[in-house]
Amino acid sequence: EAANIIIQNCLMKLVEIANQHQGHLVKMIGDEIMAVFPKSDETVRAAIQMQEIITEYANSNGLQLGLRIGLNFGSVITENDDVFGGTVNAAARMVAFAKSGQIITNQSTVETLPKILQAQTRLMEHIPSPGHTERMIVYQIIWERRELTSARTYLKTTIPFNTALQLKHHDK
């Protein structure tokens with residue numbers, strides 16, 4: 001019973017975040033939501049905020065919760081307040097591929113993003129695409145600061161700080 005209350009609270013937070021980013025809830029399926037967004041950048045921003053909020057909620061309550069988010073941006077078929085089609089099927093494959101704490105998408109979605117959000121993606125691998133001979137190129141959207149690559153170098157040196165360049169050849 002307590003677990004169901006926690007899940008429902010989390011789902012409500014996710015729906016609220018989707019709404020804040022111009023999203024629309026299509027349906028809830030067990031402990032999942034399906035939402036649609038008018039723009040790919042808002043989709044990614046919502047996914048990042050969802051990961052941040054649920055992680056913060058879990059940490060502050062001593063819970064082990066994690067989201068697996070898969071997204072695909074493209075046209076859908078709308079019928080009776082539901083959505084169907086290749087875009088939906090690809091998003092479902094992204095969710096299935098995602099691990100807890102990940103946001104997964106594909107190359108066609110990454111190509112629609114502004115450069116600033118493209119810079120937050122990392123190529124993961126190529127996975128089989130049912131019904132197609134080519135494999136789907138899968139990207140992870142990096143949302144945690146600790147996952148961002150840092151290019152700092154810490155060197156220990158015996159060269160004096162006031163020396164700009166020191167060359168040695170055969171100990172000379």
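As the structure is a prediction and not an experimental result, all values here were calculated from the model. (Residues numbered from 1 in each chain as written. Predicted model: local features only at pLDDT ≥ 70, side-chain atom pairs only at ≥ 80, totals over all residues. Heavy atoms only, no water.)

*Asks:* Any chance you could explain the environment of A119 here in plain terms?
*Replies:* You can see A119 is positioned in the loop between α5 (115-118) and β7 (121-128). Placed 23 residues apart in sequence, A119 and I142 show a C-alpha to C-alpha distance of 8.9 Å. (Helix = DSSP H or I, 4+ residues; strand = E, 2+ residues; numbered from the N terminus.)

*Asks:* Could you clarify how one ought to interpret the pattern of salt bridges in this entry?
*Replies:* Two side chains bearing opposite charge may form a pair once their charged atoms approach each other closely. One pass over the full model with this rule turns up two salt bridges. In this structure, D82 and K27 form a salt bridge, with 3.1 Å as the shortest nitrogen-oxygen distance. Taken as a pair, D82 in strand β5 (residues 82-84) and K27 in strand β1 (residues 24-29) lie far apart in primary sequence, 55 residues in all. Judged by relative accessible area, K27 falls into the partly exposed class, the value being 27%. Among the salt bridges present, the one from R45 reaches D41, with a minimum N-O distance of 2.8 Å. With R45 and D41 both in helix α2 (residues 40-60) and four residues apart, the pair spans about one turn of that helix. Judged by its relative accessible area of 31%, R45 is partly exposed. (Salt bridge = Lys/Arg side-chain N within 4 Å of Asp/Glu carboxyl O. Buried < 20%, exposed > 50% of the residue type's maximum accessible area, 1.4 Å probe, protein only.)

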